[in-house]
Amino acid sequence: MLKDSLDDQTEVMLILKNSADPLAAGYSFVTNSRLRFGEWPGAFPEALLDWVAARMGWRSGMQIVPGEAEEVFVHTYFPKPRLTLFGAGPDARPLASFAAAAGFTVTVADWRAALCDRSFFPDAYTLLDGFPEETAGRIRWTPNDYVVIMTHHFRRDQELIRILSSHNLAYVGILGSNAERSGFSMAAPCRSIGTPP
């Protein structure tokens, strides 16, 4: 379940309860949506679920939790960062390969099925065939997502900017000529837009 959660771009916190009494020791994995799995002795305290939800994203260490007799060890597992490439032209192939080698989970989306093919993107985790409004709607976006728009199709790129501007993303970049990029503006800005001077 841990791998499934991380593959779904969900952070998971491990809580390890140490005790001199082996019957009182246990562990549980908890997501920010309160999904819980593991081996916890007895009922899992509701207050601990609230505590986890408020501290998702914390790094490893011993923590004192209100209502618990002992300290607990916590560790947050973060999903691999995801790079979504909109556009499967020949210029996307080395970027997909490089991003996968750098540790990203790579998704490639394009409406041109002949280009969005596993033979061209062997390192991509996911290939999505469809128009921007279809493929962008199939992705559960998170603040840890990176996007590069490289369709080289002005209307499709505009549509993607409109769709993506409603999401809180780590990065949105547009690859294209100065003439292509000059017609773009963000309706609701993401944290960064990759348009070099």
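Procedures and definitions
Sequence positions are assigned chain by chain, starting from 1 and proceeding in written order. In keeping with the predicted nature of the model, local features appear solely for residues at pLDDT of at least 70, side-chain atom pairs appear and are counted solely at 80 or more, and the whole-chain, interface and lining totals rest on all residues. With hydrogens and water stripped out, all remaining heavy atoms of the structure feed into the side-chain values. Put simply, DSSP H or I for four residues or longer makes a helix, DSSP E for two residues or longer makes a strand, and each gets a number counted from the N terminus. Buried, partly exposed and exposed residues are distinguished by accessible area as a fraction of the type maximum, computed with a 1.4 Å probe on protein chains only: under 20%, between the cut-offs, and over 50%, respectively. Residue contacts are counted whenever heavy atoms from the two residues lie within 4.5 Å of one another. We define a polar contact as two N or O atoms separated by no more than 3.5 Å, with the added condition that, inside protein, one atom must be a possible hydrogen donor and the other a possible acceptor, whereas residues neighbouring each other in sequence contribute only through side-chain atom pairs. pLDDT measures how confident the predictor is about each residue, on a scale from 0 to 100. Whenever Lys or Arg places a side-chain nitrogen within 4 Å of a carboxyl oxygen from Asp or Glu, that contact is recorded as a salt bridge.

**Quick look at the overall build of the protein chain**
At step 1: Scanning the protein chain for helices and strands turns up six helices and eleven strands.
At step 2: For the protein chain, the residues scored as buried account for 43% of the 197 residues in total.
At step 3: The long-range fraction of contacts in the protein chain, counting pairs at least 24 apart against all pairs at least 6 apart in sequence, stands at 47%.

**Some remarks on the environment of aspartate 145**
At step 1: Residue placement: aspartate 145 occurs in strand E9 (residues 145–149).
At step 2: Along the sequence, aspartate 145 and asparagine 168 sit 23 residues apart, while their C-alpha atoms lie 8.6 Å from each other.
At step 3: When neighbours within four sequence positions are excluded, aspartate 145 is seen to be in contact with Gln9, Arg82, Arg140, Leu169, Ala170 and Tyr171.
At step 4: Separated by 2.6 Å, the side chains of aspartate 145 and arginine 82 make a polar contact.

**Let's talk about unusual backbone geometry**
At step 1: The phi torsion at arginine 34 lies on the positive side, around 75°, for a residue other than glycine.
At step 2: Looking at where arginine 34 falls in the secondary structure, it is placed in the loop between strand E2 (26–31) and strand E3 (36–39).

**Notes on the confidence of the model for the protein chain**
Any segment with low pLDDT has predicted coordinates that should not be analysed in fine detail.
At step 1: Looking at the protein chain as a whole, its pLDDT mean stands at 85, while 86% of the residues score no less than 70.
At step 2: Between residues 186–197, whose pLDDT stays under 50, and residues either more than four places distant or in other chains, the model counts 24 contacts.

**Section: the pattern of salt bridges**
At step 1: The full count for this structure, using the stated rule, is seven salt bridges.
At step 2: Put simply, aspartate 7 and lysine 3 hold a salt bridge, and the shortest N to O gap is 2.6 Å. Of this pair, aspartate 7 and lysine 3 both sit in helix H1 (residues 2–7), four residues apart, which is roughly one turn of the helix.
At step 3: Judged by its relative accessible area of 34%, aspartate 7 is partly exposed.
At step 4: You can call lysine 3 exposed: its relative accessible area is 55%.
At step 5: Here arginine 34 and aspartate 50 are joined by a salt bridge, their closest N and O atoms 2.0 Å apart. On the criterion of sequence distance, the pair formed by arginine 34 in the loop between E2 and E3 and aspartate 50 in helix H2 (residues 46–55) is long-range, its members being 16 residues apart.

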